[in-house]
Structure formats: structure tokens, C-alpha cells
Amino acid sequence: MKIDVRINSLTPDKGSIKAIASANFGDCLAVKGIKVMEGKNGLFVSMPSQKGKDGNYHDVCFPITPEFRNQLNNAVEQAYNQAISQLQEQKNVGFTQAEQSEAPAMGMSM
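Quick caveat, the model's predicted, so the values are computed rather than measured. Note that residues are indexed from 1 along each chain, following the sequence as it is written. Only residues with pLDDT of 70 or above have their local features reported here, since the model is predicted, and side-chain atom pairs are shown and tallied only from 80 upward, although totals for entire chains, interfaces and linings are computed over all residues. As a rule here, side-chain values cover all heavy atoms of the structure and leave hydrogens and water aside.

Novice: Please clarify how the overall build of the chain should be interpreted in this entry.
Specialist: Of the regular secondary structure elements, the chain holds 1 helix and 6 strands. Put simply, DSSP marks the helices as runs of H or I at least four residues long and the strands as runs of E at least two long, and each gets a number from the N terminus on. Listed N to C, the secondary structure of the chain is β-β-β-β-β-β-α in terms of helices and strands. Here the chain holds 110 residues, and 22% of them are scored as buried. Carbon and sulfur atoms make up 52% of the accessible area of the chain, which totals about 8100 Å². The buried label applies to any residue whose accessible area, calculated with a 1.4 Å probe on protein chains only, is under 20% of its type's maximum; exposed applies above 50%, and partly exposed to all values in between. Method for areas: the Shrake-Rupley scheme with a 1.4 Å probe, in which residue coverage is limited to the protein chains shown.

Now the structure itself:
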């Protein structure tokens, strides 16, 4: 099944929630509120959930088979890693542009 994942919010430096994503499954179903979380054993994907009467959180939707769970986790993690790479590239480009704009000024003052 085709899975398209979009990272909607990226917060890599704040708390255990690293990103919020949405996914489209086979151009038939959309799920919003998928979280990329940092746990004791590294990153994991958390499906949308709501608080039950018992005070615990329960997934609203979730993969049924291990194969589909792996496919979904891989798609979300790949989208997350791509978003992090793009963020790092933007920071590097911004830093490089700032250095270049300062370089002529420094050259002129000498």
C-alpha cells in the first residue's frame, strides 16, 4: 500500500515529542496526529490517541499486522529524517549566506 507522510510540526530539541505527522494511505484514508517520539530505546511512532474514562490514553487507530506497522514506521521515520536534514541544510545555508554578506564588508574595512 502506498503511504504518503507529511511532517506538519518539527520540534527536535524540545521534550519527547520530536514531530507531528499526517499520513495518507493508498489515496483513500488520511490520519492526522501521528507523533514521532523519543523513548528509552530511540525514536518510535505513536498513533493518535485519546484519554479514556480510566485515565489512560488509547490509540484511536493503529496498524493491525506487524508488516503494516513496520511499513508505516519506516515511512514516518524516513519523512522525519528527511525533514531534519532539510532543517539542517536551511540552517547551514543561512549561516553561509550571513558569512558571505559579512565577508565583503570586512574586506572593504581593511
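This is not the end of the story, as more comes after the structure.
Novice: What's the story with the pattern of salt bridges in this structure? I'm lost.
Specialist: Oppositely charged side chains can pair when the atoms bearing their charge come close. Criterion for a salt bridge: a side-chain nitrogen of Lys or Arg within 4 Å of a carboxyl oxygen of Asp or Glu. Summed over all chains, the structure comprises 2 salt bridges. Of the charged contacts, one joins K2 and D4 as a salt bridge, the two residues approaching to 3.6 Å between their closest N and O atoms. K2 is the salt-bridge partner of D27, the closest N and O atoms lying 3.8 Å from each other. Placement of the pair is D27 in the loop between strand 2 (17–25) and strand 3 (29–39) and K2 in the segment before strand 1 (3–10), with a sequence separation of 25 residues. We classify K2 as partly exposed; its relative accessible area is 47%.

Novice: What exactly am I supposed to notice about the side chain of S46 here?
Specialist: The topology assignment puts S46 in strand 4 (residues 42–46). The class for S46 is buried, based on a relative accessible area of 17%. When near neighbours in sequence (up to four residues on either side) are disregarded, S46 contacts G33, I34, K35 and M37. We call two residues contacting when some pair of their heavy atoms lies within 4.5 Å.

Novice: How do you make sense of the nonpolar core when you look at a structure like this?
Specialist: Buried together is how nonpolar side chains tend to be arranged in soluble globular proteins. Within this scheme, the nonpolar core is defined by two criteria: the residues are buried Ala, Val, Leu, Ile, Met, Phe, Trp, Tyr or Cys, and they are joined through side-chain atoms within 4.5 Å. Of all hydrophobic cores here, the largest spans 18 residues; its most connected members are I3, I7, F25, I34, L72, V76 and Y80. In terms of residue count, the dominant contributor to this core is helix 1 (residues 66–109) (7 residues). Those residues within four positions of I7 in sequence are excluded, and the remaining contacts are A19, I20, A21, V76, A79, Y80 and A83.

Novice: Would you explain the sheet that holds strand 1 in this entry?
Specialist: The strands making up a sheet are joined through hydrogen bonds of the backbone, oriented either antiparallel or parallel. Between any two strands, at least two bridges found by DSSP are needed for them to pair. Within the open sheet, the 4 strands sit side by side as 1-2-3-4. Their pairing is antiparallel. The open sheet is flanked by strand 1 and strand 4, the only strands paired with a single partner. Neighbour-to-neighbour, the strand axes of this sheet turn through a mean angle of 30°, independent of strand direction. Note that strand 3 and strand 4 share 5 bridges and pair antiparallel. From the neighbouring strand, M37 faces strand 4, where its bridge partner is F44. Helix axes use the C-alpha atoms of the stretch in contact, all axes being lines fitted to C-alpha atoms, and the angles between their N-to-C directions lie in the range 0 to 180 degrees.

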